[in-house]
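If you want the building blocks of each chain, they are given just below.
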Amino acid sequence: MSGNHYKGHEVSCCIKYFIFGFNILFWLLGMALVGIGLWAWSEKGVLSNISSITDLGGLDPVWLFMVVGGVMFILGFAGCIGALRENTFLLKFFSVFLGIIFFLELTTGVLAFVFKDWIKDQLNLFINNNIRAYRDDIDLQNLIDFTQEYWECCGAFGADDWNLNIYFNCTDGNPSREKCGVPFSCCTKDPAEDVINTQCGYDVRAKPDSEQKDYINVKGCVPQFEKWLQDNLTLVAGIFIGVALLQIFGICLAQNLVSDIEAVQASWVPPTLSVRRLPPPHSSKKASAYYS
């Protein structure tokens, strides 16, 4: 029996191993992000009490690690194993999944441009919900502090948004020492100070508005974010275009590899069977013996 062979078609090794190498990095990075997320939840005791995941009123930043890491892990696994094993199902899943992500990104960008006012209202609502939960989760607290320090802002549209938090509101019945204050991340930075003064925002909102700007950043984070986008529009557009081109490039490579694999499978030639001839039912020897 001769061996199986194919006529005129072969799988491109360059495309195959480029997809494999590119996706194995995504796979490992996805596993790392999921591992960091699980470690963070373990440190906060979430894994021992799963119901606490939904108890937080604001955004738990660990979700970002889990969702992004999970998507990268799935995509990396499908692309890596699909290319290595020449599995058309996994490669098609990889390209379709990547295409869905690209479509969602494109749709989100168009909707954000068309419904700018609605997006601004939703961003305001999102920030205010996280302000309410500022002291409920240490990761959320660090995220808010980083945002306010980076954009030199305070609250969604101003420092008075911190009235939404039970520790910082100015009501008469508030026993907190942080009453009528803001987090330290709202404070203006003094270059001469090497140590962060975490009490710099105490009682600052009890002062007249004209004096508050001497102690804290009075601009809201939503206007500052809009200003940052306008100042860095070229950079943001370049990042989005680069990511989109990478996704399109990945889809094209995967589909090209699928086409090569299917072409090879279609050109498969079944093995040739060598059949041994059997002697006739009545040999000449038997015939001569019969007539003798």
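Structural data are supplied above this passage.
Residues numbered from 1 in each chain as written. Predicted model: local features only at pLDDT ≥ 70, side-chain atom pairs only at ≥ 80, totals over all residues. Heavy atoms only, no water.

(A) Broad picture of unusual backbone geometry. Backbone geometry at E152 places phi at a positive 50 degrees, although glycine is not the residue there. Take E152: it is sitting in the loop between α5 (138-150) and α6 (209-212). Take E152: its relative accessible area is 51%, and that puts it in the exposed class. The phi dihedral of D203 falls on the positive side, at around 60 degrees, and the residue is not glycine. Structurally, D203 is set in the loop between α5 and α6. (Helix = DSSP H or I, 4+ residues; strand = E, 2+ residues; numbered from the N terminus. Buried < 20%, exposed > 50% of the residue type's maximum accessible area, 1.4 Å probe, protein only.)

(B) Broad picture of the state of the cysteines. The final tally for this structure, using the stated rule, is 4 disulfides. Between the sulfur atoms of C170 and its disulfide partner C180 the distance amounts to 1.9 Å. Taking the sign of the S-S torsion, 130 degrees for the link of C170 and C180, the bridge is right-handed. Taken together, the residues span a long stretch of sequence, with C170 in the loop between α5 and α6 and C180 in the loop between α5 and α6 at a distance of 10 residues. Across the disulfide from C187 sits C200; the S-S distance is 2.0 Å. Classification of the bridge connecting C187 and C200 rests on its S-S torsion, roughly 105 degrees, and on that basis the disulfide is right-handed. Here C187 is found in the loop between α5 and α6, whereas its partner C200 is found in the loop between α5 and α6, with 13 residues between them in sequence. On the accessibility criterion, C200 (24% relative accessible area) is partly exposed. Across the protein chain, the way the bonded cysteines pair up, counted in sequence order, is 1-8, 2-5, 3-4, 6-7. (Disulfide = S-S within 2.5 Å.)

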